[in-house]
Amino acid sequence: MATGVLPMETAIYAVPALTLLLGVLIGYLAQRSGFCSIGGFRDFFLFRHTRILSGYLALIAFSFLGYLLFWTLTPAAMEHFFWALTSGPLTPVPGAPAGLGLAASVMLAVIPGFLVGFICVLLGGCPIRQAVMTSEGNYKAAFFLLGMAVASPVFAAFVSGWVVLMVKSLGLGA
Amino acid sequence: MPCSICSTVRNITSLLVRHPAFLGALIGMLAALSQSLLISAGGPEAYGFCVACHTRDLVNGVFNILTGTSLALASISKNSVLPVMSVAGVLIGAYVSARLHREHAVKKGSFRDYLIYFLGGFLVLILAMIFGGCPYRAALRTGYGDLIALIFIVAMALGVIAGTAFMLRRAEREDA
């Protein structure tokens, strides 16, 4: 069990407060800069523009540097950094449906990855861009967020279980 | 009082604020800071910022509190008094910025547009949850050392190529 700087009793109050604060800062800057992961790749492939793509690449690079920095400062909070070395080269960080084998993990990264890229580029932006466009008064983007909100309980109640069943019936369980 | 250093500082700040790379670097550092502070409340790791997962946590968490159900959500949100609020924060921050800079403009679409965007959002959340993160958490996970997330990013880039090619072809057909 990883332990952070704040003890559990404080952290349970700090979680909503701090994430709200970070969200406000990120939302403000995202509106100013037009930050978008999908838009970066799109502009690069279409026009060879690298401005927006630089945001996503900086995110990958600086998340590594950030985790590295805080791993040296507070090693107990970064229990499994660097994941590929501590937990096996192709084990995913928890988040997706659990208890799947290696082939399933790769499959569940490739298929959703491709489709997320395809759908988002047609709809003009990744989830954060849709949130920013909603705040700018775009009703279409608001329906995108509504779709995400409705999908949340549906995924938890049904789809998550179906995916595990499907993958296991293909013989790709752990 | 005009001074050359103040105006240089102001120019650099305004350049940074409007450059996506600055925000990307900031999100990366803040996500690590947030994990270092908050991880005692619960996992998973590399969860500092994610639009899809945090939407799921917010919606399911509030749903659970209001109706007493127990829909799945990340343990950091389950253990805390309220779930993670980043997505609400993004909406507020972007709204404030759009209002301050007079970039708020109501844009409506047709019923068909709304239906397509709704289905798009629905599918994107489900696909992102199957993988375990939106493009942002994929970047954080890659930085944390998760190679599966790197595979997701490559697949996403291929999906963007396919989507752009599809759009170009459709535009050509409409021109002809």
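Worth saying up front: this structure is predicted, and the values here are computed from it rather than measured.

### Points about the overall build of chain B
The helix and strand tally for chain B stands at eight helices and zero strands. Tracing chain B from N to C terminus, the helices and strands come up as α-α-α-α-α-α-α-α. Relative to the 2.2 N^0.38 estimate, which gives 16 Å for 176 residues, the radius of gyration of chain B is 20 Å and therefore markedly larger than a compact globule would have. Over its C-alpha atoms, taken along the principal directions, chain B stretches across nearly 55 × 55 × 35 Å. Considering only contacts in chain B between residues 6 or more positions apart, those separated by 24 or more positions represent 50%. Summed over all atoms, the accessible surface of chain B reaches about 8,000 Å², with 68% contributed by carbon and sulfur. Between the averaged position of the 14 positive side-chain charges in chain B and that of its 8 negative side-chain charges there is a distance of 7 Å.

### With respect to the pattern of salt bridges
Summed over all chains, the structure comprises four salt bridges over all chains. Note that Glu-103 of chain B is salt-bridged to Arg-32 of chain A, the shortest N-O span being 3.0 Å. Of the two residues, Glu-103 of chain B is situated in the loop between helix H5 (86–100) and helix H6 (111–131) and Arg-32 of chain A in helix H1 (residues 8–33); the pairing between them involves two chains. Classification of Glu-103 of chain B by relative accessible area gives partly exposed; the value is 39%. Of the charged contacts in the structure, one is a salt bridge between Asp-57 of chain B and Arg-56 of chain B, with a shortest N-O distance of 2.8 Å. Grouping residues by exposure puts Asp-57 of chain B and Arg-56 of chain B together as buried.

### Here's the deal with the packing of aromatic side chains
Residues and elements named next belong to chain A. Counted under the stated rule, the structure contains 19 aromatic pairs over all chains. Relative to Phe-82, the ring of Phe-81 has its centre 5.5 Å away and its plane inclined at 90 degrees; by these criteria the two rings are edge-to-face. Against the face of Phe-44 rests Arg-48, its NZ or CZ located 4.9 Å from the ring centre.

### A closer look at a positive patch on the surface
Residue and element names in this part refer to chain B. On the surface, Arg-112, Arg-169, Arg-170 and Arg-173 cluster together into a positively charged patch. If one sorts the elements of the positive patch by residue count, helix H8 (residues 147–175) sits on top with three residues. Its location among the elements puts Arg-170 in helix H8. For Arg-170, a relative accessible area of 41% puts it in the partly exposed group.

### With respect to the side chain of Ser-105 of chain A
Relative to the helices and strands, Ser-105 of chain A resides in helix H5 (residues 102–122). The exposure class assigned to Ser-105 of chain A is buried, which follows from its relative accessible area of 10%. Ignoring sequence-local partners within four residues, the contact set of Ser-105 of chain A consists of Pro-92 and Leu-100 of chain A together with Ile-148 of chain B.

### Topic: the domain arrangement of chain A
Residues and elements named next belong to chain A. What the domain assignment reports for chain A is domain 1 (1–87) and domain 2 (90–174). Here the C-alpha centre of domain 2 lies 19 Å away from the C-alpha centre of domain 1. Across the contact, eleven residues belong to domain 1 and 15 residues belong to domain 2. Overall, the association of domain 1 and domain 2 removes approximately 1,000 Å² of surface from exposure, summing both partners, and the carbon and sulfur fraction of that is 73%. Taken together, domain 1 and domain 2 are joined by zero salt bridges. Between domain 1 and domain 2 we count one residue pair in polar contact (both at pLDDT 80 or more) in total.

### Section: the confidence of the model for chain B
The predicted model of chain B averages 92 in pLDDT, with 99% of residues at 70 or higher. For chain B, helix H1 (residues 4–17) of chain B is the element with the lowest average pLDDT, namely 88, and H5 of chain B is the one with the highest, namely 96.

Thresholds, definitions, all that
- Residues numbered from 1 in each chain as written.
- Chains lettered and ligands numbered in written order.
- Predicted model: local features only at pLDDT ≥ 70, side-chain atom pairs only at ≥ 80, totals over all residues.
- Heavy atoms only, no water.
- Helix = DSSP H or I, 4+ residues; strand = E, 2+ residues; numbered from the N terminus.
- Rg over C-alpha atoms; globule rule 2.2 N^0.38 Å.
- Contact = heavy atoms within 4.5 Å.
- Areas by Shrake-Rupley, 256 points an atom, 1.4 Å probe, with all protein chains shown as cover.
- Lys, Arg positive; Asp, Glu negative; His and termini not counted.
- Charge placed at Lys NZ, Arg CZ, Asp CG, Glu CD.
- Salt bridge = Lys/Arg side-chain N within 4 Å of Asp/Glu carboxyl O.
- Buried < 20%, exposed > 50% of the residue type's maximum accessible area, 1.4 Å probe, protein only.
- Phe/Tyr/Trp six-rings, centres within 6.5 Å; stacked < 30°, edge-to-face > 60°.
- Lys NZ or Arg CZ within 6 Å of the ring centre and 35° of its normal.
- Patch = residues over 30% accessible without salt bridge, like charges linked within 9 Å, V, L, I, M, F, W, Y side chains within 5 Å.
- Domains from an automatic or database assignment.
- Buried area = accessible area lost by both parts, 1.4 Å probe.
- Polar contact = N/O pair within 3.5 Å; in protein donor to acceptor, adjacent residues only side chain to side chain.
- pLDDT = per-residue confidence, 0-100.

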